[in-house]
Amino acid sequence: MLIRELDLRDATVASTVHAVGLRAYAVEAELIGFDGIPALSESLQDMTARPLRWLGAVTTEGTVAAFVAWQTDTGQHVTHIDRVCVDPAWFRRGLASCLLDHLLAKVTDRGEVRVSTGADNQPAVKLYERLGFRRTVDFEPVPGLRMAQFALHR
């Protein structure tokens, strides 16, 4: 598995990332009992218009198995992880850990890293805690969706 930046200006890459995200968020929706996750209704055009950087776990055949997307506020030294998605066909192989380890060690600057997930998404909660993130506050952006926020100070 190769870890590399993904260029969503490439229509094939963007379409693949969008499809992986939809499959991953469908599983999260089931885990948290909420099918209104914004990324599930996000169009390909909306996804690619976001000012995010993308890092993927890509097979030697070129298949995107997982990705992480983020943006950094350099003025405040804060990196906001927008999404971490693993294609369900690639679950339980350590890809999310590998991507986040790479992002934290080789891509982002020192400073704070923030991420949120569905509070009932136990695999994601455990992942962030295992990587040293501290749970800060839960919030409910829309009725029925409880989110957990995490921060890592480096």
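Structure first, text after, so check above.
Computed from a predicted model, the values in this text were never measured in an experiment.

Caption draft 1: Looking closely at the environment of F133. Relative to the elements of secondary structure, F133 occurs in the loop between α4 (122-130) and β6 (134-142). With relative accessibility at 4%, the residue F133 sits in the buried group. It is 25 Å that separates the C-alpha atoms of F133 and L40, two residues lying 93 residues apart in sequence. When sequence neighbours within four positions are dropped, the list of residues in contact with F133 reads I81, L104, V113, V115, Y128, F150, A151 and L152.

Caption draft 2: Examining the pattern of salt bridges more closely. By the definition in use, this model includes eleven salt bridges. Residue E112 pairs with R114 through a salt bridge whose shortest N-O separation is 2.9 Å. Overall, E112 belongs to the buried group, its relative accessible area being 16%. Where D120 meets R146, a salt bridge forms, and the shortest distance between an N and an O atom there is 3.1 Å. Residue D120 is located in the loop between β5 (112-118) and α4, and its partner R146 is located in strand β7 (residues 145-153); the two are separated by 26 residues in the primary sequence. Within this structure, E42, R50, D82 and R83 form a network of salt bridges that share partners.

Caption draft 3: Fine view of the sheet that holds strand β3 (residues 64-73). Read from one edge of the open sheet, seven strands run β1-β2-β3-β4-β5-β7-β6, paired in mixed fashion. Because the sheet does not close on itself, it has two edges, and the strands there are β1 (2-5) and β6. On average, each strand axis in the sheet is tilted by 25 degrees relative to the strand beside it, whichever way the strands run. Against the sheet, helix α1 (residues 11-32) contacts β2 (53-58), β3, β4 (78-86), β5 and β7, and its axis sits at roughly 85 degrees relative to β4. Strand contacts of helix α3 (residues 95-107): β1, β2, β3, β4, β5 and β7, with the helix running at about 35 degrees to β3, the strand carrying the most contacts.

Caption draft 4: Representation of the nonpolar core. Of all hydrophobic cores here, the largest spans 26 residues; its most connected members are V68, I81, L100, L103, Y128, F133 and F150. Those elements that place two or more of their residues in this core are β2, β3, β4, α3, β5, α4 and β7. Sort the elements by how many residues they give to this core and α3 lands first, with six residues. With residues near it in sequence (within four places) discarded, L100 still touches V68, I81, V84, L127, Y128 and L131.

Caption draft 5: Structural context of the environment of Q71. Structurally, Q71 can be placed in strand β3. Put simply, Q71 and D82 are eleven residues apart on the chain and 7.4 Å apart in space, counted from C-alpha to C-alpha. The residues touching Q71, leaving out its near neighbours within four places in the chain, are P51, L52, V78, T79 and H80.

Caption draft 6: Representation of the packing of aromatic side chains within the structure. The final tally for this structure, using the stated rule, is three aromatic pairs. Plain terms: the ring middles of Y128 and F150 are 5.6 Å apart, the flat faces sit at 45 degrees to each other, and that makes the pair tilted. Of this pair, Y128 sits in helix α4 while F150 sits in strand β7, placing them 22 residues apart in sequence. For the pair Y128 and F150, a shared accessibility class is recorded, and that class is buried.

Parameters and conventions
- Residues numbered from 1 in each chain as written.
- Predicted model: local features only at pLDDT ≥ 70, side-chain atom pairs only at ≥ 80, totals over all residues.
- Heavy atoms only, no water.
- Helix = DSSP H or I, 4+ residues; strand = E, 2+ residues; numbered from the N terminus.
- Buried < 20%, exposed > 50% of the residue type's maximum accessible area, 1.4 Å probe, protein only.
- Contact = heavy atoms within 4.5 Å.
- Salt bridge = Lys/Arg side-chain N within 4 Å of Asp/Glu carboxyl O.
- Pairing = 2+ DSSP bridges.
- Axes fitted to C-alpha atoms, helices over the stretch in contact; angles between N-to-C directions.
- Core = buried A, V, L, I, M, F, W, Y, C linked by side-chain atoms within 4.5 Å.
- Phe/Tyr/Trp six-rings, centres within 6.5 Å; stacked < 30°, edge-to-face > 60°.

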